[in-house]
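Chain residues, written in single-letter form:
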Amino acid sequence: MIQINNLSKIYNNEVEAIKDISLTIAEGDIYGIIGLSGAGKSTLVRCINLLEKPTGGTIEIDGVDLTGLSEKQLREKRKEISMIFQNFNLLNQKNCLNNVCLPLLIAGMNKKKAEKRALELLEIVGIKDKATAYPSQLSGGQKQRVAIARALATSPRVLLCDEATSALDPTTTAAILQLLKDINQKFNITIIIITHQMSVVESICRRVAILDDGMVAEKGEVSSVFSNPQSAAARRLVFPEGYDDKLITADEDVRFIRVVFDGDIATSKPLVASMAVEVNVVASIVYASTKSIGGKTYGSLLLSVKNDEKTVKKALDYFTRNEVSAKEVFLNV
């Protein structure tokens, strides 16, 4: 388990890159850390493996506080923490096999054993046939596969991914994310995904923390945070086209109901149309934002109904019976 406690990083005694961040990341989890540019994501990930020394706070892995280790102890502990980057960081003068061999040779393994292990890793990431190719001969996705193989060389327990798919096209991104998911399941490696892309978190992560101005604005299960974001920062990310609050007006003729889909099977039913037929409540869809995460539907609808207590109650009762969360919302709520 990774426990981040009250972590902060100040540059030049004045710039607070991250402020009082506390997160708990379970062993074997795939955890997303997302935020807009400048939110503090990259600083946080570099503090996790102490490439950047925090100004305050602690990082514990399985109960061991990395900030209290000596340089020698930290070097040993870092063997358990690997990292992959947006720009791959491969050595252009070495072929794929030798790129993967490098951390093994540094760790003292003899060349023959290192090459055997490197070939096994290249096969795991699906690129064994490129063992003798050089980075300049590879596509972006192939380079990232080599980088992942190299990251696995020391049999790490934690894999940090700093914008690892940002330089890739959508199809290649999907393939790399599936590879990471497979590696997580096969080796039970804890994976931390640093990204600004909602689609990355939706497709692979189980839990997420949203950073804003160096602080954690919101955290929790991906399905919960993305279906019903509570913070302004989360709303900006989940609904970049604008959240529905601005559509709630002081209209004497209508009242507003927000319906939240959290993956319940009832979402396959055309609820708004069925409500009109079954309980004679006609609702207009003012705003809709839904998406599929893991084969289930998440998101929200903003509905307007007749300004009448009985109508509102019938609508809310209808959604409750169908096991879908709904509540009346008001101007400036």
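Right, let's walk through the structure included here. Please read these numbers as outputs of a predicted model, since none were measured by experiment. (Residues numbered from 1 in each chain as written. Predicted model: local features only at pLDDT ≥ 70, side-chain atom pairs only at ≥ 80, totals over all residues. Heavy atoms only, no water.)

## Some remarks on the overall build of the protein chain
Counting its secondary structure elements, the protein chain contains 11 helices and 14 strands. For the protein chain, the spread of C-alpha atoms along the principal axes amounts to about 80 × 50 × 30 Å. Residues classed as buried in the protein chain amount to 49% of the 333 residues present. Across the protein chain, every contact between residues at least 6 apart in sequence was considered, and the portion connecting residues at least 24 apart equals 67%. Only carbon and sulfur atoms are counted for the fraction: they give 48% of the accessible area of the protein chain, which is about 16,100 Å². Positive and negative side-chain charges of the protein chain, numbering 41 and 39 respectively, have mean locations separated by a distance of 8 Å. (Helix = DSSP H or I, 4+ residues; strand = E, 2+ residues; numbered from the N terminus. Buried < 20%, exposed > 50% of the residue type's maximum accessible area, 1.4 Å probe, protein only. Contact = heavy atoms within 4.5 Å. Areas by Shrake-Rupley, 256 points an atom, 1.4 Å probe, with all protein chains shown as cover. Lys, Arg positive; Asp, Glu negative; His and termini not counted. Charge placed at Lys NZ, Arg CZ, Asp CG, Glu CD.)

## Observations regarding the pairing of strand 1 (residues 2-11)
Pairing geometry for strand 1 and strand 4 (residues 56-61), over 5 bridges, is antiparallel. Bridged to Asn5 within strand 4 is Thr58. (Pairing = 2+ DSSP bridges.)

## What to know about the sheet that holds strand 6 (residues 81-85)
In space, the 6 strands of this open sheet follow the order 6-7-8-3-9-10, with mixed pairing throughout. Looking along the sheet, the strands with just one partner apiece sit at the ends: strand 6 and strand 10 (215-221). Adjacent strand axes in the sheet meet at a mean angle of 15° when their direction is disregarded. As judged from the 5 bridges shared by strand 3 (residues 30-34) and strand 8 (residues 190-195), these two strands associate in the parallel manner. Bridge pairing in strand 8 links Ile30 to Ile191. Running over the sheet, helix 1 (residues 41-48) touches strand 3, strand 6, strand 7 (158-162), strand 8 and strand 9 (207-212) and is turned about 155° from strand 8. (Axes fitted to C-alpha atoms, helices over the stretch in contact; angles between N-to-C directions.)

## Describing empty space enclosed by the protein
The rolling of a water-molecule-sized probe over the atoms marks out the regions of remaining empty space. Counting across every chain of the model gives 1 cavity of 30 Å³ or more. Lining the largest cavity, in full, are Glu163, Ala164, Thr165, Leu177, Leu180, Ile193, Ile194, Thr195 and Val200. Ranked by the residues each element gives to the lining of the largest cavity, the list is headed by strand 8, at 3 residues. Here the lining of the largest cavity is built from residues that sort into 6 nonpolar, 2 polar and 1 charged. (1 Å grid on protein atoms, 1.4 Å probe; cavity = no way out; pocket = protein on both sides within 12 Å on 5 of 7 lines; lining within 4 Å. Points joined across faces, edges and corners; volume = space filled by probe spheres on them. Nonpolar A, V, L, I, M, F, W, Y, C, P; charged D, E, K, R; others polar.)

## Quick look at the environment of Lys111
Inspection of the secondary structure assignment puts Lys111 in helix 4 (residues 111-124). Separated by 10 residues in the primary sequence, Lys111 and Cys101 have C-alpha atoms spaced 7.9 Å apart.

## Observations regarding helix 11 (residues 309-321)
If you check helix 11, its first and last C-alpha atoms are 18 Å apart, about what 13 residues at 1.5 Å a residue would give, namely 18 Å. Taken residue by residue, helix 11 has Thr311, Val312, Ala315, Tyr318 and Phe319 as its buried positions. Down the axis of helix 11, the smallest arc covering the buried residues is 125°, so these residues share one side. Of the exposed residues in helix 11, those oriented more than 90 degrees away from the buried face are Glu309, Lys310, Lys313, Thr320 and Arg321. Phi turns positive one or two residues past the end of helix 11, at Glu323, with a value near 60°. (Expected span 1.5 Å × (residues − 1). Arc of directions from axis to C-beta.)

## As for unusual backbone geometry
Residue Asn89 is not a glycine yet carries a positive backbone phi of 60°. Take Asn89: it is sitting in the loop between strand 6 and helix 3 (96-106).

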